[in-house]
Amino acid sequence: MHQDEAIQIYTKIFKNLGSSWNKFIETIKKAADPDDESQIVFSQFCKICDQFNANISTKEKKYLLEAFPGKEGGADVGDIINVARIYD
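Bear in mind that the values here come from a model prediction, so they are computed numbers and not experimental data.

The rules behind the values
- Residues numbered from 1 in each chain as written.
- Predicted model: local features only at pLDDT ≥ 70, side-chain atom pairs only at ≥ 80, totals over all residues.
- Heavy atoms only, no water.
- Salt bridge = Lys/Arg side-chain N within 4 Å of Asp/Glu carboxyl O.
- Helix = DSSP H or I, 4+ residues; strand = E, 2+ residues; numbered from the N terminus.
- Buried < 20%, exposed > 50% of the residue type's maximum accessible area, 1.4 Å probe, protein only.
- pLDDT = per-residue confidence, 0-100.
- 1 Å grid on protein atoms, 1.4 Å probe; cavity = no way out; pocket = protein on both sides within 12 Å on 5 of 7 lines; lining within 4 Å.
- Points joined across faces, edges and corners; volume = space filled by probe spheres on them.
- Nonpolar A, V, L, I, M, F, W, Y, C, P; charged D, E, K, R; others polar.
- Core = buried A, V, L, I, M, F, W, Y, C linked by side-chain atoms within 4.5 Å.
- Contact = heavy atoms within 4.5 Å.
- Phe/Tyr/Trp six-rings, centres within 6.5 Å; stacked < 30°, edge-to-face > 60°.
- Lys NZ or Arg CZ within 6 Å of the ring centre and 35° of its normal.

Overview of the pattern of salt bridges
Moving on, step 1. Counted according to the given criterion, the structure contains six salt bridges.
Moving on, step 2. E26 is paired through a salt bridge with K23; the nearest N and O atoms lie 3.7 Å apart. Pair noted here: E26 and K23 are both in helix α2 (residues 21–31), with a separation of three residues, about one helical turn.
Moving on, step 3. Note that D50 and K61 form a salt bridge whose closest N and O atoms lie 2.5 Å from each other. Separated by eleven residues along the polypeptide, D50 in helix α3 (residues 42–51) and K61 in helix α4 (residues 58–67) bring together distant segments of the chain.
Moving on, step 4. With a relative accessible area of 6%, K61 lands in the buried category.

Okay, structure coming up:
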């Protein structure tokens, strides 16, 4: 979809977090699917962003989900976001 704009949101997170970036990435990886660390439940991703005060709006979070949808997680899991680009 609009991946370039979504990557700009990741860049914004990076700038906001500064020295906390590596800890943020480590937390994302720990919460991700153990078999594929690029896949994380969207609600968990949002909680981690909030936990680290990433200062991104709900609209920006949903934009990331639309730009980088993850694999189907099933009704019990909810939406999945593919965060592979955040590791770049």
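Comments concerning the confidence of the model for the protein
Where the model shows low pLDDT, its predicted coordinates should not be examined in detail.
Moving on, step 1. Considering every residue of the protein, the mean pLDDT works out to 89; 94% of them sit at 70 or more.
Moving on, step 2. Here helix α1 (residues 3–17) is the element of the protein with the lowest mean pLDDT, 89, and α2 is the one with the highest, 96.

Examining the layout of surface pockets
Moving on, step 1. What the largest pocket holds in volume is close to 150 Å³.
Moving on, step 2. Together, I7, Y10, T11, F14, W21, R85, I86, Y87 and D88 line the largest pocket.
Moving on, step 3. Grouping the amino acids of the lining of the largest pocket by side-chain chemistry returns six nonpolar, one polar and two charged.

Here we look at the nonpolar core
Moving on, step 1. Core analysis: the biggest nonpolar cluster contains 26 residues, and Y10, F24, F45, L64 and I81 have the highest contact counts within it.
Moving on, step 2. With residues up to four places along the chain from it excluded, the contact list for F45 reads Y10, I28, I40, L64, I81, V83 and I86.

Let's talk about the packing of aromatic side chains
Moving on, step 1. The tally for this structure, following the rule as stated, stands at four aromatic pairs.
Moving on, step 2. Between Y10 and F68, the ring centres sit 5.7 Å apart and the planes meet at 5°, which makes this aromatic pair stacked. Placement of the pair is Y10 in helix α1 and F68 in the loop between α4 and β2 (80–82), with a sequence separation of 58 residues. The pair Y10 / F68 is uniform in exposure class, with both members buried.
Moving on, step 3. Ring geometry for W21 against F24: centres 5.6 Å apart, planes inclined by 35°, an arrangement best described as tilted. Taken together, the positions of W21 and F24, both in helix α2 and three residues apart, correspond to about one turn of that helix. Assigned by exposure class, W21 and F24 land together as buried.
Moving on, step 4. Each member of the aromatic cluster is reached from another via a ring pair, and the members are F14, W21, F24 and F52.
Moving on, step 5. Cation over ring: K29 sits above Y87, and NZ or CZ is 5.0 Å from the ring centre.

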